[in-house]
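For reference, the chains in residue letters:
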Number of protein chains: 8
Amino acid sequence: ARTGDPEVVLGQGKTPEQVASIMAALHEAHPEQAVLATRLDDAARAHLAQALPAAELHHEARCATLGPLPPARGTVTVVAAGTSDGPVAAEAALVARVHGAHVERITDVGVAGLHRLLAVRERLEEADCLVVVAGMEGALPSVVAGLVGVPLVAVPTSVGYGASLGGITALLAMLNSCAPGVSVVNIDNGYGAAVHAARVARQSAGAQA
Amino acid sequence: ARTGDPEVVLGQGKTPEQVASIMAALHEAHPEQAVLATRLDDAARAHLAQALPAAELHHEARCATLGPLPPARGTVTVVAAGTSDGPVAAEAALVARVHGAHVERITDVGVAGLHRLLAVRERLEEADCLVVVAGMEGALPSVVAGLVGVPLVAVPTSVGYGASLGGITALLAMLNSCAPGVSVVNIDNGYGAAVHAARVARQSAGAQA
Amino acid sequence: ARTGDPEVVLGQGKTPEQVASIMAALHEAHPEQAVLATRLDDAARAHLAQALPAAELHHEARCATLGPLPPARGTVTVVAAGTSDGPVAAEAALVARVHGAHVERITDVGVAGLHRLLAVRERLEEADCLVVVAGMEGALPSVVAGLVGVPLVAVPTSVGYGASLGGITALLAMLNSCAPGVSVVNIDNGYGAAVHAARVARQSAGAQA
Amino acid sequence: ARTGDPEVVLGQGKTPEQVASIMAALHEAHPEQAVLATRLDDAARAHLAQALPAAELHHEARCATLGPLPPARGTVTVVAAGTSDGPVAAEAALVARVHGAHVERITDVGVAGLHRLLAVRERLEEADCLVVVAGMEGALPSVVAGLVGVPLVAVPTSVGYGASLGGITALLAMLNSCAPGVSVVNIDNGYGAAVHAARVARQSAGAQA
Amino acid sequence: ARTGDPEVVLGQGKTPEQVASIMAALHEAHPEQAVLATRLDDAARAHLAQALPAAELHHEARCATLGPLPPARGTVTVVAAGTSDGPVAAEAALVARVHGAHVERITDVGVAGLHRLLAVRERLEEADCLVVVAGMEGALPSVVAGLVGVPLVAVPTSVGYGASLGGITALLAMLNSCAPGVSVVNIDNGYGAAVHAARVARQSAGAQA
Amino acid sequence: ARTGDPEVVLGQGKTPEQVASIMAALHEAHPEQAVLATRLDDAARAHLAQALPAAELHHEARCATLGPLPPARGTVTVVAAGTSDGPVAAEAALVARVHGAHVERITDVGVAGLHRLLAVRERLEEADCLVVVAGMEGALPSVVAGLVGVPLVAVPTSVGYGASLGGITALLAMLNSCAPGVSVVNIDNGYGAAVHAARVARQSAGAQA
Amino acid sequence: ARTGDPEVVLGQGKTPEQVASIMAALHEAHPEQAVLATRLDDAARAHLAQALPAAELHHEARCATLGPLPPARGTVTVVAAGTSDGPVAAEAALVARVHGAHVERITDVGVAGLHRLLAVRERLEEADCLVVVAGMEGALPSVVAGLVGVPLVAVPTSVGYGASLGGITALLAMLNSCAPGVSVVNIDNGYGAAVHAARVARQSAGAQA
Amino acid sequence: ARTGDPEVVLGQGKTPEQVASIMAALHEAHPEQAVLATRLDDAARAHLAQALPAAELHHEARCATLGPLPPARGTVTVVAAGTSDGPVAAEAALVARVHGAHVERITDVGVAGLHRLLAVRERLEEADCLVVVAGMEGALPSVVAGLVGVPLVAVPTSVGYGASLGGITALLAMLNSCAPGVSVVNIDNGYGAAVHAARVARQSAGAQA
Ligand SMILES: Nc1ncnc2c1ncn2[C@@H]1O[C@H](COP(=O)(O)O)[C@@H](O)[C@H]1O
Ligand SMILES: Nc1ncnc2c1ncn2[C@@H]1O[C@H](COP(=O)(O)O)[C@@H](O)[C@H]1O
Ligand SMILES: Nc1ncnc2c1ncn2[C@@H]1O[C@H](COP(=O)(O)O)[C@@H](O)[C@H]1O
Ligand SMILES: Nc1ncnc2c1ncn2[C@@H]1O[C@H](COP(=O)(O)O)[C@@H](O)[C@H]1O
Ligand SMILES: [Mg+2]
Ligand SMILES: [Mg+2]
Ligand SMILES: [Mg+2]
Ligand SMILES: [Mg+2]
Ligand SMILES: [Mg+2]
Ligand SMILES: [Mg+2]
Ligand SMILES: [Mg+2]
Ligand SMILES: [Mg+2]
């Protein structure tokens, strides 16, 4: 991959054996650099534990890494409302770290409990880039973007039922945020948000040094 | 209409002449009770000013009334984020009053400016029923319902562009509110929300007396 | 949760073990107040029967409660057309009771058999708030709201096939009710409707005393 | 056209001049049979009044006819809830007559006022085929089909706003009717419903003689 | 049910035990009349074979009947393009017979092989009502309705993949048929089409006698 | 543009003055080759008549050409059901000619009148590529592709109302054609279909020489 | 089937036994010609290996063939971006060969790695028809059609998650290609694209001889 | 607004008089800072030319500014494919400048003409943040993000017809980009993209100094 960025394997749609052999091959080619695999189901992670013991498993994020992580510059802060959004937030956090940023996580700060959100305002301000994860009505990014002027990437999740339409409602809501500067990625795409955020954080880091 | 409720004429899809003559006929049949006409465009209101000088015109709400309003019991508080949502909020406020409730209005309290919302928390608590109007991402009802336990009806508006889908996004978001107890009406339907809210307010009024 | 309201655990998306331990913890913190868990599948309810014998299981409603229910004030009447809508109606009934209202249930009153509906008109009138549950074409709330002027929350269900679109058709129909004052919640969201209805009923109860 | 059926010109998408000359040509070819033109806007009807004085204009139905109507056999009864559905109901009524059936019309019988519907039950029973027209939530066909076992064609109309989606909501609701035997045509397609109904009525007429 | 019509149990959403006991109870109440159960999966039919040996199982149609069928008057002809549409066509055929009509079936007459369709034109003409079943692009009803002037009910099926959208494409196509007089029912709803068609056929039968 | 292909200006979204000056500039740069402008409204064509008298106007196709057409090889046959589809068929025919193919047109051959279609079967067979244009239920391409094995491009049109969804229904139907080998372009995109078809026809022409 | 075209069996929706017996029967009737079966799941292919040993299994393409392939004329080149699109590309390649064309395959040329695509430009030019397969944002056909003027059929795949909507996004994108001459088939329909492409290639082959 | 950010007035949904008076009031309150008005139609800009001569009009961007622009740090590069996307690109460029970034514009680099895009690769690399604007199939952001690793915000536009669905197709395509790190804003929302991009650019600028 592009210099500085790790190689990434999309686990979804591949057999556990395919994931293991691709990770091994990429690691052999560039042992000095991390290999990341995302969207690994339980079977894939179980297989990797056996077949590739050098790999590190990240169960909440449903990911695996192999090889040394890059040094970290700048800070990506990942914010999520509920525990159901945990896997997507965990994926975003891991991916941002693997792409060279420091990572902070803030959890349990939904729009229906504003005081918890107001209590972390300072931590939000200190981020170089925010990744805000939310399902259902997807209102959290608007509220966060109304509090601080930090670049923000919103990740809708498929958490919900009925008229949540598998995450389409949260996606649409985020695209219509009345707070300026909110950009959005695909449903459950913690990976994509984190790549964007890590690039912003790394660029910004030098400026503050 | 049902005893206590005024007769209502839906102006949309009728000519100005039709609206005027229906209002006049209903007024003649029940002069002691208000007649309300909604969704009147500029031409319809201009015609009524000439043809039915006894009618009162409510330009922001795009409505007209004829005959005495009922006494008011209980309080409906209508909350809106932006000036673009003004006409729908005004319709809700007028309709709640015409259906026998006291009405309060709170404006300019969008989710991107939380301090203004927190500043009116007490007024929100005092309502018997809240009508919360919002367009775009439709997040305001979730935030309000996270602050106070008052019965709340959310009204999505067609304000927005692109992926706001003429109000569908706000509607879907409100239906997926993570705050419990939010009920929702059709896009731009300040009328329907206010009828529900006025019934709740009138019922509750006796309790507090 | 807000004073008077019980703590609620959304079972969907949690393991049976997580549900049991969260319920136990909340109960320990507030033993004088009910804890409610909703959207529990068969496995979760079976686990609770073992792990938390003090909990009461509500199989039709797919819920569990732990701790004493609050005293009841005011009446929520839950109306449903068919047996397929039973689980959603049962959830609404339980939740309304847990949130402090008396509950009545009326079943088997679909729009294709009007005489059964006309026969219960008086019971509908006596409610402080109605919760009307229907799938397929979702017509029942319109018909009920045309009979009585009681505040009404409509719950679309995912019952149906083909063009019922998993409940979207019933949802859209209810939002477009030609009877005024119908407010609507998410598909299969008996919980949300009942929270709204119980608040209205409790407020109204004092008034009638 | 098929023997017994009149020639029909779809006015929409044609200039007034085109409509007039096609009607004149068809009439000249078959002067003993009716020619029907549908979906004529005001300009088209005004032009026909001048250019084709022998044509009869049907303003509510937005149609014109030229030449003698066929004898009528069997009865199509057209039922509609509101005045806004009037043009579609009028089109259905005219088309059924032009296709050889007697026509009855029942109006102002919406689902929110059941007593008016129950009062006409006998007239519904006497029809050979019912055409039931409704907009908004499209509930009327379900209620009618629950009252009488007559073959019924439902016509959704584009009357409504917001989540009525230009008639899609009424269409979906009618397709999901819980009353058996309801068949449905396109939004605002009074024409298609009436052709089906007139065929059924004509077939049935002999049986009763 | 309405005199002359059998009692019908919708199997979908009921346990095999529930279906068996409802059928038994209805049969006991009206032993002189047929009871019909639809949408029975393999498990339900296997259970009925054991629990209710007097019931007749209709495997292709996924239905069961109990008790004597009514005498048949008039003819419903069920037309289908492909073998994948077989179950829906079989359901329609059985239901029409159970509702008192003679039934004919025509199969393997898709729009991509017109000669087979032209070869059965006479049989199409002889029907009192046609039920035309088709999936994918749903074109068959238009072609049939262009050939004969018989009342026609179109049934879209969920056969297809990708942009067939589970039958929505066929449904939309049928609603937009350029041939007049096509009426439509829900996706895979052979039941509803057959109830309508049997009523038309029974009414028409007397006429021809 | 690519050698052999004319320069094409998309008129939609440009002022008449912009279209005229772009056409003039392209013509000056390559006077030996045709310039084509598409999607010109009445005002644009009127302006071109004045400002660019050397341009040829094609009113039904809503296009203009300037400069000599290329020699023609191979035959594209454009088939359309109704007169409402005329402008799209005319655009396809002109564009195919401008892109170097001979063009044949067959009109008035809808699926509801099969005999007219069967009568032209031989002309369909003789084409090197077919462009089949249809609105409403979009069934014509399936029927044509069931008759002849010629490469076929289907063009859905926005002709229709209600559930035709501005051409989406015809588009979906064509994508689900049960006849193999049907490929599809955007709604009303006679231009794109003709570019594809002309390429196929030109390639095929040498083979037959 | 049409002379020169093989008989094709759509495996989806049929039992393994049905597929085997239909293939055997067609082969017996026309032993000199290939029979093709598509959309065979693992069970169906395993059954064929036992029941019809003379059949050739094509596992990546999920197909089986029986009997001699026709001679090949002209070249269809199948282009795909990722390994996830492999099965659809393999189906297209096999089907094109079975329908009488030579086949080339180009893989791993996604839009996010343009140099790989530019490196194969000459091979793209040499094709008589291109089949371009892509999922997710479906951009590959636009880029390929911007490079070469060869007739091109685009196949959207259901590869992706969230807002890929099961392939609808790729389908819509391809229909809106800004490069002219792109025609499109249903999601995952490698079969349909290949039938179109093989017809074009066979026609074109003579021309180049 | 937040320190450093200008006050912004959304012109859409306001009268020209309202825009002029709000701009004047904000300017008076903070004369040292820019006021920006967006989405101004021709009438609004004409009124401002008269009523507020000190305002600067930006016709392509449909905006107006009043008061001194802030100093610029870091570079936002705005990339667009076609002239139809010009207004959205111009809005993005102006807004980025008003929010404190240097701005570069690259135009006429669509995916159907890759060489023009490859020729500007170096300019793309030099940006601190990219804003990539595209309509129709929305493929440009994927191609650009495959070339350079710069943070990128994609803006779908409503340019197109038929299945472009008013920009929904481009929006969906961008959300599914196979190139990592693409974030997306609402259709035609050059404003939102630029606010995000300017924040990134300003943060990054110090780092490079
Ligand atoms: N979770 C993810 N979501 C979206 N894209 C991903 C994800 N993980 C990896 N990718 C992308 O997929 C590419 C690898 O795809 P593949 O070659 O099929 O493994 C990577 O370069 C990423 O751009
Ligand atoms: N703004 C509105 N939105 C929705 N429904 C309305 C509105 N105004 C009036 N209505 C309903 O329309 C009915 C009157 O319709 P009409 O008889 O056509 O004037 C009233 O009884 C109300 O239930
Ligand atoms: N296959 C079917 N599709 C649609 N509706 C059906 C079907 N079978 C039965 N019904 C309807 O469902 C009603 C019985 O529903 P239930 O009481 O739940 O068994 C019958 O009266 C029919 O109107
Ligand atoms: N009617 C049309 N539909 C779709 N694309 C078109 C049409 N006419 C022209 N185009 C495309 O638009 C390009 C020219 O766009 P422009 O440079 O904006 O005039 C041409 O090269 C064609 O590829
Ligand atoms: Mg949330
Ligand atoms: Mg808002
Ligand atoms: Mg129902
Ligand atoms: Mg109605
Ligand atoms: Mg079919
Ligand atoms: Mg057509
Ligand atoms: Mg792709
Ligand atoms: Mg583009």
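Please read these numbers as outputs of a predicted model, since none were measured by experiment.

Calculation rules
- Residues numbered from 1 in each chain as written.
- Chains lettered and ligands numbered in written order.
- Predicted model: local features only at pLDDT ≥ 70, side-chain atom pairs only at ≥ 80, totals over all residues.
- Heavy atoms only, no water.
- Near = heavy atom within 4 Å.
- Polar contact = N/O pair within 3.5 Å; in protein donor to acceptor, adjacent residues only side chain to side chain.
- Areas by Shrake-Rupley, 256 points an atom, 1.4 Å probe, with all protein chains shown as cover.
- Helix = DSSP H or I, 4+ residues; strand = E, 2+ residues; numbered from the N terminus.
- Nonpolar A, V, L, I, M, F, W, Y, C, P; charged D, E, K, R; others polar.
- Buried < 20%, exposed > 50% of the residue type's maximum accessible area, 1.4 Å probe, protein only.
- Contact = heavy atoms within 4.5 Å.
- Salt bridge = Lys/Arg side-chain N within 4 Å of Asp/Glu carboxyl O.
- Axes fitted to C-alpha atoms, helices over the stretch in contact; angles between N-to-C directions.
- Parallel < 35°, antiparallel > 145°, perpendicular 65-115°, else oblique.
- Left-handed = near helix turned anticlockwise from the far one by under 90°.
- Pairing = 2+ DSSP bridges.

## Some thoughts on the site of ligand 4
All residues in the neighbourhood of ligand 4 are listed as Val8, Val9, Leu10, Lys14, Thr38, Arg39, Glu91, Asn189 and Tyr191 of chain F, Cys178 and Pro180 of chain G together with Tyr161 of chain H. One finds residues of chains F, G and H in close proximity to ligand 4. Between ligand 4 and lysine 14 of chain F, the relevant distance is 2.7 Å, taken from an oxygen atom to a side-chain nitrogen or oxygen of the residue. Within the complex, the protein chains bury 73% of what would otherwise be the 510 Å² of accessible surface of ligand 4. Per element, the largest residue contribution to the shell around ligand 4 is 3 residues, and it comes from strand β1 (residues 7-10) of chain F. The residue inventory of the shell around ligand 4, partitioned by class, reads 7 nonpolar, 2 polar and 3 charged.

## A look at the side chain of histidine 196 of chain H
Following the sequence through the fold, histidine 196 of chain H ends up in helix α8 (residues 190-208). Among the residues examined, histidine 196 of chain H registers a relative accessible area of 0% and is labelled buried. Among the polar contacts listed, one links the side chain of histidine 196 of chain H to the backbone oxygen of glycine 181 of chain A, at a separation of 3.0 Å. Apart from residues no more than four positions distant in its own chain, histidine 196 of chain H is found in contact with Pro151, Leu152, Val153, Gly181, Ser183 and His196 of chain A together with Val153 of chain H.

## So, the environment of arginine 97 of chain B
Residue and element names in this part refer to chain B. Residue placement: arginine 97 occurs in helix α3 (residues 86-98). Arginine 97 gets classed as partly exposed once you look at its relative accessible area, which sits at 25%. In this structure, the C-alpha to C-alpha distance between arginine 97 and valine 195, residues 98 residues apart in sequence, is 9.5 Å. Once residues within four sequence positions are removed from consideration, arginine 97 is found in contact with Leu69, Pro70, Pro71, Ala72 and Val103.

## Re the site of ligand 1
Near ligand 1 you find Val8, Val9, Leu10, Lys14, Thr38, Arg39, Glu91, Asn189 and Tyr191 of chain A, Tyr161 of chain G together with Cys178 and Pro180 of chain H, and these make up its full shell. Chains contributing residues near ligand 1 are chains A, G and H. Between ligand 1 and leucine 10 of chain A, the relevant distance is 2.9 Å, taken from an oxygen atom to a main-chain nitrogen or oxygen of the residue. At 2.7 Å from an oxygen atom of ligand 1 is found a side-chain nitrogen or oxygen belonging to lysine 14 of chain A. Contact with the protein chains removes 73% of the 500 Å² of surface that ligand 1 exposes when unbound. Broken down by element, the residue count for the shell around ligand 1 peaks at 3 residues, all from strand β1 (residues 7-10) of chain A. Taken together, the residues of the shell around ligand 1 break down into 7 nonpolar, 2 polar and 3 charged.

## With respect to the interface of chain A and chain H
You'll often see interface size given as the accessible area lost when the parts meet. Chain A puts 31 residues into the contact, and the matching count from chain H is 31 residues. Where chain A touches chain H, the interface holds 0 salt bridges. For the interface between chain A and chain H, the tally reads 13 residue pairs in polar contact (both at pLDDT 80 or more). Take the side of chain A that touches chain H: its biggest share by element is 10 residues, from helix α8 (residues 190-208) of chain A. The residue makeup of the side of chain A that touches chain H, split by class, is 17 nonpolar, 11 polar and 3 charged.

## Structural notes on the packing of helix α1 (residues 16-29) of chain G against helix α2 (residues 42-51) of chain G
Two quantities define a packed helix pair, namely the angle between the helix axes and the distance between the axes. Residue and element names in this part refer to chain G. One way to put it is that α1 packs onto α2 with a least axis distance of 9 Å and a crossing angle of 45 degrees. One element, α1, and the other, α2, form an angle in the oblique class. When the axes of α1 and α2 are compared, the crossing they make is right-handed. Only Ala43, Ala44, His47, Leu48 and Ala51 of α2 make contact with α1, whose side of the interface consists of Pro16, Glu17, Val19, Ala20 and Met23. Taken together, the residues that form the contact of α1 with α2 break down as 8 nonpolar, 1 polar and 1 charged.

## Some points on the sheet that holds strand β3 (residues 56-58) of chain F
All names here are of chain F. Pairing within the open sheet is mixed, and its 4 strands lie in the order β1-β2-β4-β3. Only two strands of the sheet have a single partner each, and these edge strands are β1 and β3. Strand after strand, the sheet turns through a mean of 20 degrees between neighbouring axes, direction not considered. In the packing of helix α1 (residues 16-29) onto the sheet, the strands contacted are β1, β2 (35-38) and β4 (63-66), and the crossing angle to β2 comes to about 160 degrees.

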